[in-house]
Amino acid sequence: MAVNFILLARVVVLTLILIVLTGNQNQVPVAEAVWLTIPASEAKCVMEDIQNNVVVLADYYVINETAPHETPGITVRVTSPFGNNLHHKENVTFGQFAFTTTEPGNYLACFSMDGNQGDGSLTMSLDWKIGIAAKDWESVARKDKIEGVELHLTRLEAIAQAIHVNTQSLMKREWEMREVSEKTNARVVWFSTMSLGVCILVSILQVWHLKRYFQKKKLI
């Protein structure tokens, strides 16, 4: 009975989470492929702010709309926030990169045409998946021998945990920004007080100097 009650409570909680999330779709990140236009003269870059210990998976392929059978290769470079190379390929028309983040911050993926390809441009599809979206749920189902409603509930639980982690991260950032703002405000107050004190001291010195000057000239 206790096990059934716990399972029922879990189903109810995750169902409520599903209702909340589906009620506001803007709160749930949806992974969709984006189409990029790569010019011949410069690189096209995509940047994503990712937390630490998050799985990232991306697939890309290039299309030459003017000559589909003569698609030139591109150079792909993915770097971490500290500038470490995570993926680097040259003269490719399709590929995939996957990694687990070890540094929180902005991860950059840049795509550029190889060599001199004239003034034309290429169209590239980029399917960038992060976190829950990058997880292979079919492998999870085979490994844990779950399916149907139980698999759906497991996925909802993972989404809820990811939202919880993101919320904690946002709260930590908000606290850090507030701390920086308070320190900056305290320094501004101190600097303003010091500036006011210096101005008052200079004014007193100017009055004293003028008084002595007028006394020497016997004007007062």
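Identification of the protein as Putative Transmembrane emp24 domain-containing protein 10 from Tripterygium wilfordii is taken from an unreviewed UniProt entry.

This brings us to the sheet that holds strand β8 (residues 121-130). Taken in spatial order, the 4 strands make up an open sheet running β1-β8-β3-β6, and their pairing is antiparallel. Of all the strands in the sheet, just β1 (34-39) and β6 (94-100) have a single pairing partner and so form its edges. Each neighbouring strand pair of the sheet contributes to a mean axis angle of 25 degrees, computed without reference to strand direction. Inspection of the sheet shows strand β3 (residues 55-63) paired to β8 by 8 bridges, in the antiparallel sense.

Using the criterion set out here, one finds 3 salt bridges in the structure. D127 is the salt-bridge partner of K129, the closest N and O atoms lying 3.9 Å from each other. For D127, a relative accessible area of 18% corresponds to the buried category. Linking K183 and E179 is a salt bridge whose minimum nitrogen-to-oxygen distance equals 3.8 Å. A residue pair is termed a helical-turn pair when its members lie 3 or 4 positions apart in one helix, as K183 and E179 do in helix α3 (residues 148-216) at 4 residues. Given a relative accessible area of 29%, E179 falls into the partly exposed group.

On to the sheet that holds strand β2 (residues 44-50), then. An order of β2-β7-β4-β5 is seen for the 4 strands of this open sheet, with the pairing classed as antiparallel. Edge positions in the sheet fall to β2 and β5 (85-92), since each of these pairs with one other strand and no more. Here the average twist between neighbouring strands, direction ignored, is 10 degrees.

On to the state of the cysteines. Applying the stated rule across the entire model yields 1 disulfide. The disulfide bridge from C45 ends at C110, spanning 2.1 Å between sulfur atoms. Judged by the sign of its S-S torsion, about 105 degrees, the bond between C45 and C110 is right-handed. Residue C45 is found in strand β2, and its partner C110 is found in strand β7 (residues 105-113); the two are separated by 65 residues along the sequence.

Here we come to the side chain of E103. Considering the arrangement of structural elements, one finds E103 in the loop between β6 and β7. Within the buried set, E103 has no salt-bridge partner at all; the shortest N-O distance to an opposite charge, 12 Å, is to R173. Reaching out from E103, the side chain makes a polar contact with the side chain of S80 at a distance of 3.0 Å. Within the structure, the side chain of E103 is placed 2.9 Å from the side chain of N84, a separation counted as a polar contact.

Moving on to the UniProt feature "transmembrane region" (unreviewed entry) in the protein. Those residues carrying the UniProt feature "transmembrane region" (unreviewed entry) are residues 188-208 in this numbering. A distance of 30 Å separates the end C-alpha atoms of residues 188-208, which is 100% helix and 0% strand.

All right, on to the nonpolar core then. Counting 23 residues, the largest nonpolar core has Y60, I74, F97, F111, M124, L126 and W128 as the members making the most contacts within it. Broken down by secondary-structure element, the contributors of at least two residues to this core are β1, β2, β3, β4 (74-79), β6, β7 and β8.

This part takes up the side chain of N64. Here N64 is to be found in the loop between β3 and β4. Leave out the neighbours within four places in its chain, and N64 touches E70, T71, P72, S121 and L122.

In total, this model carries 7 aromatic pairs according to the counting rule given. Geometrically, the ring pair formed by W35 and Y61 is edge-to-face, given 5.9 Å between the ring centres and 90 degrees between the ring planes. Highlighted residues: W35 in strand β1 and Y61 in strand β3, separated in sequence by 26 residues. Taken together, Y60, F97, F99, Y107, F111 and W128 form an aromatic cluster joined through their ring pairs.

Criteria and cut-off values
- Residues numbered from 1 in each chain as written.
- Predicted model: local features only at pLDDT ≥ 70, side-chain atom pairs only at ≥ 80, totals over all residues.
- Heavy atoms only, no water.
- Pairing = 2+ DSSP bridges.
- Helix = DSSP H or I, 4+ residues; strand = E, 2+ residues; numbered from the N terminus.
- Axes fitted to C-alpha atoms, helices over the stretch in contact; angles between N-to-C directions.
- Salt bridge = Lys/Arg side-chain N within 4 Å of Asp/Glu carboxyl O.
- Buried < 20%, exposed > 50% of the residue type's maximum accessible area, 1.4 Å probe, protein only.
- Disulfide = S-S within 2.5 Å.
- Lys, Arg positive; Asp, Glu negative; His and termini not counted.
- Polar contact = N/O pair within 3.5 Å; in protein donor to acceptor, adjacent residues only side chain to side chain.
- UniProt positions renumbered as here; feature names shortened; annotations may be inferred.
- Core = buried A, V, L, I, M, F, W, Y, C linked by side-chain atoms within 4.5 Å.
- Contact = heavy atoms within 4.5 Å.
- Phe/Tyr/Trp six-rings, centres within 6.5 Å; stacked < 30°, edge-to-face > 60°.

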